[in-house]
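The lines below spell out each chain.
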Amino acid sequence: MNRLLHRGFTLVEILIVVVILAILASIVIPQLSRAGEQARENSLAMSLYRIRQQLEIYRNQHNGHYPSLDQFDNQMLKMSNESGDTAEIGTDGYLLGPYLQEVPVNPFTSKKTIGIGEVGTSDWYYNELTGDFAANNSEKAAKF
């Protein structure tokens, strides 16, 4: 009969559980806060890989020339001929491309402007002579 009266947890047992949960939370929470940064870095790396790959395909199909900066969107998103002239998809005589469905958004700036200026003047850096394409928002993003 004594056994039926003592079914609850003691204060010490509850405190031990709370301390264990606090220790687990102190381990997990910092890792969760870093997950957003890692997701942006991974997204940036994949976008850069895809664009750089498509720029090389464009160069191979256009006599060694990369898209021009002022026509980047047209030359990468539309159909083109070997000389780089562009037209809408399905136009006769324009058999190359499109190379991208859209210019991706830079995950660190949430925008997609392309330029050749200094860090922070655009979301993406592009050099039409060398085909270099990189994030243009910080020194950290430039490592990709």
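Under an unreviewed UniProt entry, the name given to the chain is Type II secretion system protein G, and the organism recorded is Poriferisphaera corsica. UniProt's Subcellular location (unreviewed entry) comment on the chain is quoted here verbatim: "Membrane".

(A) Geometry of the overall build of the chain. A count of helical and extended segments in the chain gives three helices and five strands. Going residue by residue from the N terminus, the α and β elements of the chain occur as α-α-α-β-β-β-β-β. Against the 2.2 N^0.38 benchmark of 15 Å for 144 residues, the chain shows a C-alpha radius of gyration of 27 Å, more extended than a compact globule. Considered along the principal axes of its C-alpha atoms, the chain spans approximately 95 × 35 × 20 Å. A total of 144 residues make up the chain; the buried ones form 28% of that total.

(B) Fine view of the pattern of salt bridges. Using the criterion set out here, one finds four salt bridges in the structure. Notably, a salt bridge pairs Arg 40 with Glu 37, separated by 3.0 Å at the nearest N-O pair. One end of the pair is Arg 40 and the other is Glu 37, both in helix H2 (residues 11-61) and three residues apart, which spans about a single turn. Between Arg 59 and Glu 56 there is a salt bridge; the shortest N-O distance is 2.9 Å. One end of the pair is Arg 59 and the other is Glu 56, both in helix H2 and three residues apart, which spans about a single turn.

(C) Highlighting the UniProt feature "transmembrane region" (unreviewed entry) in the chain. The UniProt entry lists residues 12-32 under the feature "transmembrane region" (unreviewed entry), expressed in the numbering used here. From the first C-alpha to the last, residues 12-32 spans 30 Å; its make-up is 100% helix and 0% strand.

(D) The arrangement of unusual backbone geometry in detail. Each neighbour pair has its own omega, and for Gly 97 with Pro 98 the value is -10°, a cis peptide bond. Secondary-structure assignment places Pro 98 in the loop between strand E2 (86-87) and strand E3 (114-115). In this model, Ser 110 sits at a positive phi of 65°, which is unusual for a non-glycine residue. Residue position: Ser 110 is located in the loop between E2 and E3.

Definitions and limits used
- Residues numbered from 1 in each chain as written.
- Predicted model: local features only at pLDDT ≥ 70, side-chain atom pairs only at ≥ 80, totals over all residues.
- Heavy atoms only, no water.
- UniProt positions renumbered as here; feature names shortened; annotations may be inferred.
- Helix = DSSP H or I, 4+ residues; strand = E, 2+ residues; numbered from the N terminus.
- Rg over C-alpha atoms; globule rule 2.2 N^0.38 Å.
- Buried < 20%, exposed > 50% of the residue type's maximum accessible area, 1.4 Å probe, protein only.
- Salt bridge = Lys/Arg side-chain N within 4 Å of Asp/Glu carboxyl O.

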